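# Structure assessment
What follows is each chain in one-letter form.
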Amino acid sequence: MRVRIYLCTFIAASCLPALSLAGQGKSPASAQAEPQVGSTLTIEDAVALACRRNGTIGAAYYAYLSSHQATLQAYAPLLPTLTGSYQYNADRTASTLGSQTFITDTNGSAYNANANWRIFDMGVRNDNFLSARRAEESQLDNARQTLRQVLFNVQDQYFETLRASELEKVSATEVERAQTIFDQTSEQVRVGKTAQKDVLQAKADLANAKVTELQSRNTSATDIATLKSLIGLPSRDPLPTLPPYPQPDTSQVPSDLNKVLDDGIAARPDLQAQRSTVRSLEFSARSLAIQAGVNVTLDATFGASFAPSYLENRLLTFTVSYPIFDGGSSRAAARAAGYNVKSAKETLAQAEREARAQIETAFVLLRQNVERLSAAKDAYAAALEIGRASCR
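These notes cover the structure that comes with them. (Residues numbered from 1 in each chain as written. Predicted model: local features only at pLDDT ≥ 70, side-chain atom pairs only at ≥ 80, totals over all residues. Heavy atoms only, no water.)

## Concerning the sheet that holds strand E2 (residues 100–120)
A sheet is described by the order of its strands in space; here 4 strands give the open sequence E1-E2-E3-E4, paired in antiparallel fashion. Two strands close off the open sheet at either side, each with one partner strand: strand E1 (81–97) and strand E4 (311–321). Going across the sheet, the axis of each strand differs from the next one's by a mean of 25°, ignoring polarity. Looking at chain direction, E1 and E2 are connected through 17 bridges and run antiparallel. Among the inter-strand pairings, Leu97 is bridged to a residue of E2, identified as Gln100. (Pairing = 2+ DSSP bridges. Helix = DSSP H or I, 4+ residues; strand = E, 2+ residues; numbered from the N terminus. Axes fitted to C-alpha atoms, helices over the stretch in contact; angles between N-to-C directions.)

Set out below in structure tokens:
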């Protein structure tokens, strides 16, 4: 049944439009209708429910939206700012000169506007923006990886639940068979056709069959609860009937391990996320390195007051700064950022090694399961022939 693993990529791709809404200011609920739960639950229905209801997928979606807003915040310093203000003043001043008191009332409104723009710097703002942009890409890849993993778990649990249901039916049949044998043996002992000890073996077989049936029921109930949790069904609601799944198509199972490894390393979202993280840290390190050295900035400021009288202020500021002494803080921050980049690269290299091992293991298991499926079909056909022969 592990042949179904190969279907995960296609099904995951079909759910990616839910993540493409990120950054557009739309909620997931407004983009796609809520899937309806009927009397039966196909694997496609389970995947659709998980895409809409699974909390892990929803959390990944909103985490990406948050990172997108962080990118917009990092881009804002590259643009000019314009601030408008309104003030109303009610001032009353009393002064005494000799025996006379003078009172002055001042009432009026003031309208002000201020514009600021940093025209030039050493690239700090740009590096901060690029760092946030790569962090956003990393978060998007993390969301894709979360979607991929959750949907794989849904598919895996779907088939585990279906298998447990079938095994529960088998164990119930075994109990009926053991009960029949026990009844027949008891009757034979009663009429003296068999020894008393034979009924003890039949009784033990019946007890073992009942234990197996209880274990099958427990496994089935556990699998049902896990599947309902993954697809977002309330625990109080019964799980719809799972229809029989058709025989898997093994014609598309890959046969070239090297190609599978290359495609997997290049396309896995978790590795892409780590690569984007490395690039984000590189821009952050470069920004901190600039701040630890000579900094040159050029700022333009314009202010105007429109009431009660018009006042105007223009300012162009050119600044050159250097951290002569800050206790080594800025240089230490730059070095720490550089070490973070090296650490992320080492983590990425090890993750790629582990991913290769995982892909190779999954490839071998997939090929073995294809062979097991073929052998199981042959065994099933042979069993049918034996059954037909015994009925002749």
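There is more to say, and it comes next.
## Here we look at helix H4 (residues 55–75)
Counted at 1.5 Å a residue, the expected span for H4 with its 21 residues is 30 Å, and the 30 Å between its end C-alpha atoms agrees. Listing the buried residues of H4 in full gives Ile57, Ala60, Tyr61, Tyr64, Leu65, Ser67, His68, Thr71 and Ala74. In this structure Asn54 caps H4, since a side-chain oxygen of it lies 2.9 Å from the backbone nitrogen of Thr56. (Expected span 1.5 Å × (residues − 1). Buried < 20%, exposed > 50% of the residue type's maximum accessible area, 1.4 Å probe, protein only. Polar contact = N/O pair within 3.5 Å; in protein donor to acceptor, adjacent residues only side chain to side chain.)

## With respect to the pattern of salt bridges
Note that side chains of opposite charge can pair when their charged atoms are close. Tallying each qualifying case throughout the model produces 17 salt bridges. Arg286 is paired through a salt bridge with Asp127; the nearest N and O atoms lie 2.5 Å apart. Of this pair, Arg286 sits in helix H8 (residues 269–291) while Asp127 sits in helix H5 (residues 124–191), placing them 159 residues apart in sequence. With relative accessibility at 44%, the residue Arg286 sits in the partly exposed group. Two residues, Lys197 and Asp198, come together in a salt bridge whose shortest N-O distance is 3.3 Å. Since its relative accessible area comes to 59%, Lys197 is described here as exposed. (Salt bridge = Lys/Arg side-chain N within 4 Å of Asp/Glu carboxyl O.)

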